[in-house]
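Spelled out, the chains give:
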Amino acid sequence: MFVSIVIAFIVGGLICVIGQLLMDVGKLTPAHTLSILVVTGAILDGFNLYEPLIDFAGAGATIPITSFGNSLTHGAIAEAEKHGWIGVLTGMFEVTSSGISAAILFGMIGALIFRSKGQQP
Amino acid sequence: MMDQGVIYFPSKPAIIGSGVVAGPVEKNSVFAQDFDRLYDNERADEDSNEKGHQTMVEEACQIALKKANIKQNDVDFLMSGDLVNQMTPSNFAAATLQVPYIGLFSACATAVSSVIIASLLTELGGSRYALAGAGSQHNSVERQFRYPVEYGGQKPGTAQWTVTAAGYVLIAKGQMNSPAVEAATIGKVIDLQQTDPFHMGAAMAPAACDTITRHLKGRGQKLADYDLVMTGDLGKVGLPILKEMLTKQGMAKQDVQKIRDAGAEYYGDDEAFLAGASGAGCSASVFYSYILKQLNEKKIERVLAVATGALLSPLTVQQNESIPCTAHAIEISMK
Amino acid sequence: MDPKQYDNLQQSISPKPSILKNCLKAFLVGGIFCTVGQLITYIYISYFNFTEKTAGNPTVATMIFIAMLLTGFGLYKKIGQFAGAGSAVPVTGFGNAVISAAIEHKTEGFVLGVGGNIFKLAGSVIVFGVVSAFVVALVKLILVTMGVANW
C-alpha cells in the first residue's frame, strides 16, 4: 500500500507539472491547459496507453483531469466494440458520469449554503 | 490654449469636502487612517456585491456633503463612475442622491476624469456645488473581468488586487483655504500592444508617461515644481516602468525617483497582494483622503494626481485584442 | 516609442515567474491530492465492497465533495494561488471551477444564475473531452473495421 501511494503521489504530481509548464511556458489560461490535458487523455486511451498508467499509478492517474478524457474515450470505444458506430455516440458517459453529476450536485449544494468570501487574498 | 488636452482653470475651483469609504481588507492599507469610514463587510451588509458597492458610493458622497456642510438639494451635478457593467452602482446611487448626474467611464481613471468635468462645470459658472469621484468593489469587479471570487486560479506576481473603496469630492467656486484644482490634462488612449490582463502596470505606464509629459509641457513646468506626483494604480511593477520611461525622455533622475503610486503603496509590503492595489477605488480613496489631507495641513503645496485606467473588457481580451489605456491628471494646489 | 521597443523595456523590468518553483509547488500539491485520492480508493475497496476498477467513480465524487468544502470556506483559491496547476489539474480543480461559478452567480437566482453559469469555466473541459473522445473512438472504429488495428 505504501509503495502505491508513493507512486500515486509521483505520477499525479508529474501530470500537474505538465499542466504548470503549459501555463507558465506556454502562457495558456487554466481553461486552455485543462482542455489540452483532457484531449491528451482521450488520445492516449485511443492507443490503449492510459489504462496501463492507471494500473501502475492508481489515483495518480485517475485523479488528474486527463483521466476524464480517458474515461470518455474508453466508454465510447467499449460501446463501439459492441454496437458499431452508434456506440461511439452513446457510450461516452457510460464509464464516467460521477465527475459531472457530483460537480453539478455539490455545485448546487455549495450555492445553497455558501457565499463568496472575497475578504482576504 | 496650450498643449493638446491641457486645461487651465483661472477661477481655481475648490475642493471643499471629501468622503472616502473602504471595505474590510482596506483596513490594512497604509492609507487607512485617512479614510472616513471602513466597513466590516465588503457588501456593506447588503445582499449583493453590487448593492454594497452602491451603498459605498452613496455613503462617500454623503460624508463629503456633511464635511462641507452642504445640503443635497444644493448640489447641481454628480459626476461618477465605476467598473461594473453600465456603471450600475453609480446609476443607482444617483437615483438615491437625486442630484443631476452623468455617468462617466475611464476605467480606474474615472477617479480623476469625473473631477475634471466637475471643475469645468464650476469654471463655466454652471455649477455651485458638484460631487465627483469613483469607486470599485473587489468581488463585483473580479467576477466581471476575471473569474468567480472563489475560483482557484493562480495569478502571476504582476497581478494586482482590486480595491473595495469609493472616494468623492465636493467642488465649489474658488475660495481661500481649500485645495484648488488649478489645471488638468485629459489623457490620450495609448495602446502599445500589451496583451496580458494580469499585467496592467505594463499596459498603463505609457499612458501615464504621456499624460505627465504633456501636462508639464503644457504648463511649462518641471517635475521639481511639484511637492508630490502620484499615479493611481500602476502597482509595484508599473511604477518602475514609468520611471524608466520618464528618465529615458531626459527628465532629472532624482525628480523621477520621487514619483509615487497609490496602488504600489496601498497594501504596504504584504506579498499576498502581489503587485499592489488597483481599481477606481484605489486612486479615488488615496487622492481624496491622503493627498487632500496633506494639502489641507499645508504639508505640501502642489500635487499632480494622475489616475491611470485600462480600457479593456473580458470580451476584447478573449478576442486577442491589446489593452488600450489612458491616464487623466489634475494639478491641485493649496495657497 | 514603438510597441516592440516598449515590450523589451517592460520585460526587462517586470519580474519573471519562477517556473522551477511553480513546478515544484504544483508537483507537491498535485501529488498530495492524488495521495488523498489513493487513500479514499483504499477506503472504498476495504470497507464498501468496491473493486480496484469500480472504486474510481465514488473516489472522484468524494474528491469533488472535498473541493466543495474547500471552495465554500474560501480555502481553494488560496491553495490555487500557491499550487497553480497542482490544484487545477486534479478533479478537485474541475469541482472548484463548477462550484465557484455556482456560488458566484447565486445572486442572479438559481435557474438563470446558478443553472446558467455553473459550467461557465468547466464547460470547455466537458466539450473538448466529449469531442475528442468521439473523434478518437470513431477513428479507432474505422481502423478496426479496415483491419488495420485491433480493439
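All values reported here derive from a predicted model rather than from experimental measurement.

Each value, and the rule that gives it
Residues numbered from 1 in each chain as written. Chains lettered and ligands numbered in written order. Predicted model: local features only at pLDDT ≥ 70, side-chain atom pairs only at ≥ 80, totals over all residues. Heavy atoms only, no water. Helix = DSSP H or I, 4+ residues; strand = E, 2+ residues; numbered from the N terminus. Buried < 20%, exposed > 50% of the residue type's maximum accessible area, 1.4 Å probe, protein only. Contact = heavy atoms within 4.5 Å. Lys, Arg positive; Asp, Glu negative; His and termini not counted. Charge placed at Lys NZ, Arg CZ, Asp CG, Glu CD. Axes fitted to C-alpha atoms, helices over the stretch in contact; angles between N-to-C directions. Parallel < 35°, antiparallel > 145°, perpendicular 65-115°, else oblique. Left-handed = near helix turned anticlockwise from the far one by under 90°. Salt bridge = Lys/Arg side-chain N within 4 Å of Asp/Glu carboxyl O. Phe/Tyr/Trp six-rings, centres within 6.5 Å; stacked < 30°, edge-to-face > 60°. Patch = residues over 30% accessible without salt bridge, like charges linked within 9 Å, V, L, I, M, F, W, Y side chains within 5 Å. Areas by Shrake-Rupley, 256 points an atom, 1.4 Å probe, with all protein chains shown as cover. Buried area = accessible area lost by both parts, 1.4 Å probe. Polar contact = N/O pair within 3.5 Å; in protein donor to acceptor, adjacent residues only side chain to side chain. Arc of directions from axis to C-beta. Expected span 1.5 Å × (residues − 1). Nonpolar A, V, L, I, M, F, W, Y, C, P; charged D, E, K, R; others polar.

1. Digging into the overall build of chain C
The helix and strand tally for chain C stands at 8 helices and 0 strands. Overall, chain C shows an N-to-C arrangement of helices and strands of α-α-α-α-α-α-α-α. When each of the 151 residues of chain C is scored for burial, the buried share is 50%. Within chain C, contacts between residues separated by at least 24 positions form 49% of all contacts whose residues are at least 6 apart in sequence. Here chain C contributes 10 positively and 5 negatively charged side chains, and the mean placements of these two sets differ by 8 Å.

2. Points about the packing of helix α1 (residues 2-24) of chain A against helix α2 (residues 30-46) of chain A
All names here are of chain A. Where α1 meets α2, the closest approach of the two axes is 9 Å, and the angle between their N-to-C directions is 135°. With respect to α2, the element α1 is oriented oblique. Pair α1 / α2 crosses with right-handed handedness. On the side of α1, the interface is formed by I18, G19, L22 and M23, while α2 contributes P30, T33, I36 and L37.

3. Overview of the pattern of salt bridges
Residues and elements named next belong to chain B. In this structure the tally under the stated criterion is 22 salt bridges over all chains. Here D34 and K293 are joined by a salt bridge, their closest N and O atoms 2.9 Å apart. Within this pair, whereas D34 is found in the loop between β2 (14-22) and β3 (37-38), its partner K293 is found in helix α9 (residues 280-296), the two being separated by 259 residues in sequence. What makes D34 buried here is its relative accessible area of 13%. Residue classification places K293 among the partly exposed positions, given a relative accessible area of 36%. Linked through salt bridges whose partners overlap, the residues forming this network are K12, E182, R219, R302 and E331.

4. Remarks on the packing of aromatic side chains
Residues and elements named next belong to chain B. Applying the stated criterion to the full structure yields 15 aromatic pairs over all chains. Judged by centre distance (6.2 Å) and plane angle (35°), the ring pair of F35 and Y266 falls under tilted. Taken as a pair, F35 in the loop between β2 and β3 and Y266 in helix α8 (residues 262-266) lie far apart in primary sequence, 231 residues in all. Exposure remark for Y266: the relative accessible area of 0% places this residue in the buried category. Both rings, one in Y267 and one in F273, keep their centres 3.8 Å apart while their planes meet at 5°; by these two values the pair is stacked. We classify Y267 as buried; its relative accessible area is 5%. F273 gets classed as buried once you look at its relative accessible area, which sits at 4%.

5. A look at a nonpolar patch on the surface
On the surface, a nonpolar cluster with roughly 800 Å² of combined accessible area is contributed by C:V127, C:F128, C:V131, C:V135, C:V139, C:I142, C:L143, C:M146 and C:V148. With a relative accessible area of 44%, C:I142 lands in the partly exposed category.

6. A closer look at the interface of chain B and chain C
A common way to state how big an interface is: give the accessible area lost once the parts meet. On the side of chain C, 30 residues touch chain B, which itself brings 29 residues to the contact. When residues of chain B are sorted by the area they lose upon contact with chain C, B:R143, B:E150 and B:Q154 head the list and together hold 29% of the total. In this structure, C:K77 engages B:E150 in a salt bridge whose closest nitrogen and oxygen atoms are separated by 3.3 Å. On inspection of chain B and its partner chain C, the count reaches 15 residue pairs in polar contact (both at pLDDT 80 or more). At the level of elements, α4 (138-145), α5 (200-219) and α6 (235-248) of chain B are the ones that each hand at least two residues to the side of chain B that touches chain C.

7. Some remarks on the interface of chain A and chain C
The interface is formed by 72 residues belonging to chain A together with 65 residues belonging to chain C. Summing both partners gives a buried area of about 5,800 Å² for chain A against chain C, and 77% of it is carried by carbon and sulfur. The largest per-residue losses of area from chain A upon contact with chain C belong to A:F9, A:I63 and A:F114, which jointly make up 13% of the total buried on that side. At the junction of chain A with chain C, the criterion picks out 0 salt bridges. In this structure, the connection of chain A to chain C is made through 12 residue pairs in polar contact (both at pLDDT 80 or more).

8. Some remarks on helix α7 (residues 110-117) of chain C
Residues and elements named next belong to chain C. Residues of α7 that are buried: G113, V114 and N117. Viewed along the axis of α7, the buried residues span an arc of 100°, placing them on a single side of the element. Among the exposed residues of α7, those oriented more than 90 degrees off its buried face are V111, L112 and G116.

9. Section: unusual backbone geometry
In this structure, A:N48 is a non-glycine residue whose phi angle is positive, near 55°. With respect to the element layout, A:N48 can be found in the loop between α2 and α3 (50-57). Phi is positive for B:N320, close to 60°, though the residue is something other than glycine. If you trace the backbone, B:N320 turns up in the loop between α10 (314-318) and β14 (325-333). By relative accessible area, B:N320 is classed as exposed at 69%.

10. Quick word on helix α8 (residues 123-146) of chain C
Since one α-helical turn is 3.6 residues long, residues separated by three or four positions face the same way. The end-to-end C-alpha separation of α8(C) is 35 Å, in line with the 34 Å expected for 24 residues at 1.5 Å each. Regarding α8(C), the residues found buried are C:G123, C:V125, C:I126, C:G129, C:S132, C:A133, C:V136, C:A137, C:K140, C:L141 and C:V144. Buried residues along α8(C) sit in contact with α2, α5 (66-83), α6 (85-90), α7 (92-95) and α8 (98-113) of chain A together with α6 (91-104) of chain C. Just beyond α8(C), the residue with positive phi is C:G147, at close to 85°.

11. Looking at the packing of α3(A) against α5(A)
A pair of packed helices is characterised by two quantities: the angle between their axes and the separation of those axes. Residue and element names in this part refer to chain A. One way to put it is that α3 packs onto α5 with a least axis distance of 10 Å and a crossing angle of 125°. In terms of their interaxial angle, α3 and α5 are classed as oblique. Between α3 and α5 the crossing geometry is left-handed. Across from Y50, E51 and I54 in α3, the residues of α5 making contact are T66, S67, N70 and H74. Classifying every residue of the contact of α3 with α5 by side-chain character gives 2 nonpolar, 4 polar and 1 charged.

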